[in-house]
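Breakdown of the fold
This is what each chain is made of:
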Amino acid sequence: MAVTEASLLRQCPLLLPQNRSKTVYEGFISAQGRDFHLRIVLPEDLQLKNARLLCSWQLRTILSGYHRIVQQRMQHSPDLMSFMMELKMLLEVALKNRQELYALPPPPQFYSSLIEEIGTLGWDKDKVLLYCPGESHTPGLK
């Protein structure tokens, strides 16, 4: 048990036990340079399948679409250390997906150069701007 506690402290240094029986842990989980507050309440037998995970509203919002996965990992993780590692990986994925969802639009210079290029090509009746693919900034002409 001491080995697991030391590993947990190494992997999650901001998550600390709040009582002597180590049934309540509180602190932060870190992902992509951000810290998120959480509290884990374990039953007396320390089994994760009956534990409660209490999250800050920020963490709850980020993990909102992953509720079933978090529950499943909590049911099947052998110990708190394993669960925390899986939660951290899941949080990394959720943050990455969220960043892709809310990607910043191109800067105004992009639109200025696009208008210049269209002006250079001209607005002939034979040429019609069809599309501008998602990742590519090269418009397709027909």
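Below is a short write-up of the structure. Note that this is a predicted model, so its numbers are computed, not measured.

Counting 28 residues, the largest nonpolar core has Ile-40, Phe-83, Met-84 and Leu-91 as its most contacted members. Mapped by element, the contributors of at least two residues to this core are β2 (24-31), β3 (34-41), α2 (57-62), α3 (67-76) and α4 (80-101). Non-local contacts of Ile-40, meaning those with residues more than four positions away in its chain, are made with Leu-15, Thr-23, Val-24, Tyr-25, Arg-52, Leu-53, Leu-80, Phe-83 and Met-84.

Residue position: Thr-23 is located in the loop between β1 (15-17) and β2. Since its relative accessible area comes to 5%, Thr-23 is described here as buried. Here Asn-19 takes part through its side chain, which lies 2.8 Å from a polar atom of the side chain of Thr-23. Beyond its immediate stretch of four places on either side in the chain, Thr-23 contacts Ile-40, Val-41, Leu-42, Pro-43, Glu-44 and Leu-46.

With 14 residues, helix α5 (residues 108-121) ought to run about 20 Å at 1.5 Å a step, and its terminal C-alpha atoms sit 20 Å apart, in line with that. Taken together, the buried positions of α5 are Phe-110, Leu-114 and Ile-118. For α5, the arc enclosing every buried residue in end-on projection is 70°, short of the 170-degree limit, so these residues lie on one face. Those residues of α5 that are exposed and angled more than 90 degrees off the buried face are Pro-108, Gln-109, Ile-115, Glu-116 and Thr-120.

Moving on, we come to the pairing of β3. Relative to β3, β2 runs antiparallel, the two being bridged by eight bridges. Across the sheet, the residue bridging to Tyr-25 is Ile-40, located in β3. The antiparallel hairpin formed by β2 and β3 contains two residues in its connecting segment, where Gln-32 sits at a positive phi of about 50°. Examined bridge by bridge, β3 and strand β4 (residues 52-55) share four bridges and lie antiparallel to one another. Within the sheet, the bridge partner assigned to Arg-39 lies in β4 and is Leu-54.

The next thing to look at is the sheet that holds β4. Here four strands make up an open sheet; going across it, the order is β1-β2-β3-β4 and the pairing antiparallel. Each having just a single partner strand, β1 and β4 make up the two edges of the open sheet. Taken over all neighbouring pairs, the strand axes of this sheet differ in orientation by 25° on average, direction set aside.

Looking at where Ala-6 falls in the secondary structure, it is placed in helix α1 (residues 2-11). Between the alpha carbons of Ala-6 and Met-81 there is a distance of 9.6 Å; along the sequence they are 75 residues apart.

Rules of the game
- Residues numbered from 1 in each chain as written.
- Predicted model: local features only at pLDDT ≥ 70, side-chain atom pairs only at ≥ 80, totals over all residues.
- Heavy atoms only, no water.
- Core = buried A, V, L, I, M, F, W, Y, C linked by side-chain atoms within 4.5 Å.
- Buried < 20%, exposed > 50% of the residue type's maximum accessible area, 1.4 Å probe, protein only.
- Helix = DSSP H or I, 4+ residues; strand = E, 2+ residues; numbered from the N terminus.
- Contact = heavy atoms within 4.5 Å.
- Polar contact = N/O pair within 3.5 Å; in protein donor to acceptor, adjacent residues only side chain to side chain.
- Expected span 1.5 Å × (residues − 1).
- Arc of directions from axis to C-beta.
- Pairing = 2+ DSSP bridges.
- Axes fitted to C-alpha atoms, helices over the stretch in contact; angles between N-to-C directions.

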